[in-house]
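# Analysis of the macromolecular model
What follows is each chain in one-letter form.
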Amino acid sequence: MRSRFLGLSKIKALSKELASKIAAGEVVERPLSIVKELLENSIDAGASAVTVEIKRGGKEYIRVTDNGRGIEKDQLELAFQRYATSKISTEEDLLNIHSLGFRGEALASVAAVSKTELISKPASEIIGSKIVFEGGEKTLLSDAACEDGTTIIVRDLFYNIPVRKKFLKPDNTESSLIADYLQKMALAYPDIKLRFINNGTILFSTLGKGSLFDVIISLYSPQMARSLVEVSYSQPGMRVYGYVSGSEFSKPNKRGQIFFVNGRWIRSRVLDSAIDEAYHDKLFDGRYPAAYLFLELEPSSIDVNVHPNKTEIKFYDEALIKDFTVLAVRKALLSTEAAPDIADLVDKGSRNVDKTVQKVLNYPQNESINHNIFLSIDGEEELFKSLREEQQSIEIPMIKVSEELKKELGRERRFLFSGLQAIAQLFTTYILAKDEKNIYIIDQHAAHERIMYEKLLSKFNGDETASQILIAPILIHTTAAQTAAFEQWGSLLSSIGFVIEGFGTNEFLIKEIPASLKLQEAEIFVNSVLESDVDNPESFQEKRDAIISASCKAAVKGGDKLAEEEIKSLFEELDRCENPFSCPHGRPSFLRFSESEIEHFFKRK
């Protein structure tokens, strides 16, 4: 695994053979390129405090000061030589990179297009040194009084290449790009005190106390903090940690998804895809979670020598990394902390939440009530309208959950519905339950829809093969059009455990049904499939949509009165679900009211 403080060797010029293997290119595209390269050098030098200052978007002035190891005077000139570095020396090193920088061309590229000044002092030296370049030509090398560490000042970027200068964006745009990058790096290195000064104003300054959570809420969205769920998972040679948002929080774009690999901020379609898969049944179409994830991998398992900007890397086993990340995030999203709270709806401006909570909590109870008897509470159902909105059609990719994933999820300590005490059925639609510190409102239809969907999807994916033979087959009647389409809907039903045979003209017998379904559920499901439009028997998307639609129709409805044993069975089956927190459409299956939130609503706090 990567260690931030590296005992790097002296700076030396690379051989022509090794230099030719480096993915070289223009390092300096804009001020951000300079800030990125210099900050990486500071981190590699073991700095615990770094200050970045810019003026006019970095076009006029960039200063990066750190308290790292520093550079000896006899190494200063060599540091500005192209392909001179202390971070690699052999081809084997190139395949096992531990540092952020390694190409040995950053300082040379910066000095070639600006007026550059470097002042540095190792802790072992009495006095520091200073070197100055203009347009790539050294103009000064002398002693200098300075603190331990290194300061690099870059002035008048592209002063000698006016054509390049014209392509730079306005000052505020360039400043914004730098600020965004520095915020990301502050996430990866919460133990470094990082200060950013723009045109004389301190835009942010982190404490360097090592708390990733504190950096997230201070530099990004404090309002989002309530929804963050911690991710922490490891396997031999791999570790992922960080935070992701729960299903109650989402954004219209992926700008809230930030990834690091071995301390390096990267863009990755592999990790993008992993997040999409982890949330495939949790968010509506067009909505995306926040994710701040940090992977630590063996350096030999990745290739960072892909592009000069080093924001693109190659995973040698992309499928392994994707599955590992999906597993880590899914485990986090099934934890007790990921359960949705009513406060999240309040933050989103739900107008009736206060009234709803008070109505539920003011329901008269006393110590003599037997809580094993389930009562139906009639009332103003519109107060729960926000929990029962009609769902629009959404796109959810077909996902096959591996046996390994199921075993890992089963081993994880997770929220259990069977540990709740059911109190009442509200409006014959919601189940009111409690534990020691919380009250829960479970949407019986959304919960049962999730149960049905996972049972049927498991059959569809081939994870479960058991079917039950019916003593008395079910006779179903079909229209001529449905009979003609038997190949389509029959294929879907057989893939999930039904055995159906023709019986007569426009008639079929169901002889076997999935072992996981009750007889009535199976019959409703078949009728729902017949009513759906499954035109293409080879389309996973079409079949998946049919399963979702049919499971919705076969599930317990709002308005169905449930007996005590039925509610108990519902809770037990939810415990067996991979994702009991939402229906297949992404709508929450329950809400949680904590004791402190209840006290807040009653203005006791």
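Now for a look at the structure at hand. (Residues numbered from 1 in each chain as written. Predicted model: local features only at pLDDT ≥ 70, side-chain atom pairs only at ≥ 80, totals over all residues. Heavy atoms only, no water.)

### Considering the overall build of the protein
Helices and strands together make up the secondary structure of the protein, namely 20 helices and 25 strands. Per element, the accessible surface of the protein, about 27,800 Å² overall, is 49% carbon and sulfur. (Helix = DSSP H or I, 4+ residues; strand = E, 2+ residues; numbered from the N terminus. Areas by Shrake-Rupley, 256 points an atom, 1.4 Å probe, with all protein chains shown as cover.)

### Focus: the nonpolar core
By size, the foremost hydrophobic cluster in this structure holds 55 residues, and its most contacted members are Val52, Leu182, Leu187 and Tyr292. Among the elements that line this core, the one with the most residues is helix 7 (residues 171-188), at eight residues. Not counting residues within four places of it along the chain, the set of residues in contact with Leu187 comprises Leu212, Val215, Ile216, Tyr220, Ile258, Phe260, Tyr292 and Phe294. (Core = buried A, V, L, I, M, F, W, Y, C linked by side-chain atoms within 4.5 Å. Buried < 20%, exposed > 50% of the residue type's maximum accessible area, 1.4 Å probe, protein only. Contact = heavy atoms within 4.5 Å.)

### Some thoughts on the sheet that holds strand 23 (residues 499-504)
Read across the open sheet, the three strands follow the order 22-24-23; overall the sheet is antiparallel. Edge positions in the sheet fall to strand 22 (467-477) and strand 23, since each of these pairs with one other strand and no more. The average undirected angle you get between the axes of adjacent strands in this sheet is 20°. Sheet topology places strand 23 next to strand 24 (residues 507-514); five bridges connect them, and they run antiparallel. The residue bridging Glu501 from the neighbouring strand is Leu509, located in strand 24. Lying on the sheet, helix 16 (residues 486-495) is in contact with strand 22, strand 23 and strand 24; it crosses strand 23 at an angle near 145°. (Pairing = 2+ DSSP bridges. Axes fitted to C-alpha atoms, helices over the stretch in contact; angles between N-to-C directions.)

### Examining the packing of aromatic side chains
Geometrically, a pair of aromatic rings is defined through the distance of the ring centres and the angle of the planes. Applying the stated criterion across every chain yields a total of 14 aromatic pairs. Ring geometry for Tyr241 versus Phe294: centroids 5.3 Å apart, planes at 15°, classification stacked. Linking Tyr241 in strand 12 (residues 238-245) with Phe294 in strand 15 (residues 291-297), this pair joins segments that are 53 residues apart in sequence. Taking the relative accessible area as the measure of exposure, Tyr241 reaches 22% and is therefore partly exposed. Pairing Trp489 with Phe508 gives two aromatic rings, centres 5.3 Å apart and planes at 80°, and the pair type is edge-to-face. Taken together, the residues Trp489 in helix 16 and Phe508 in strand 24 connect sequence positions 19 residues apart. Among the residues examined, Trp489 registers a relative accessible area of 4% and is labelled buried. In this structure Phe508 comes out as buried when scored by relative accessible area, which is 7%. Put simply, the rings of Phe417, Tyr440, Phe571, Phe581 and Phe590 pair up and form one aromatic cluster. (Phe/Tyr/Trp six-rings, centres within 6.5 Å; stacked < 30°, edge-to-face > 60°.)

### Comments concerning the environment of Ala446
Tracing the backbone shows Ala446 in helix 14 (residues 444-460). Judged by relative accessible area, which is 0%, Ala446 ranks as buried. With residues up to four places along the chain from it excluded, the contact list for Ala446 reads Cys583, Arg587, Pro588 and Ser589.

### A look at the pattern of salt bridges
Here the idea is simple: oppositely charged side chains can pair when their charged atoms come close. If you walk through the whole model with that rule in mind, you get 19 salt bridges. Between Arg30 and Glu174 there is a salt bridge whose closest N-O contact spans 2.9 Å. Here Arg30 is found in the loop between helix 1 (16-19) and helix 2 (31-44), whereas its partner Glu174 is found in helix 7, with 144 residues between them in sequence. We classify Glu174 as buried; its relative accessible area is 0%. A salt bridge links Arg450 to Glu454, with the nearest nitrogen and oxygen atoms 2.9 Å apart. Of this pair, Arg450 and Glu454 both sit in helix 14, four residues apart, roughly one helical turn. Of the two residues, Arg450 and Glu454, neither departs from the other in class, the shared state being buried. (Salt bridge = Lys/Arg side-chain N within 4 Å of Asp/Glu carboxyl O.)

### Concerning helix 2
Helix length check: helix 2 (14 residues) gives 20 Å between terminal C-alpha atoms against 20 Å at 1.5 Å per residue, within 8%. With 13 of 14 residues buried, helix 2 lies mostly within the body of the structure. Directly beyond the C-terminal end of helix 2, a positive phi value near 80° is found at Gly46. (Expected span 1.5 Å × (residues − 1).)

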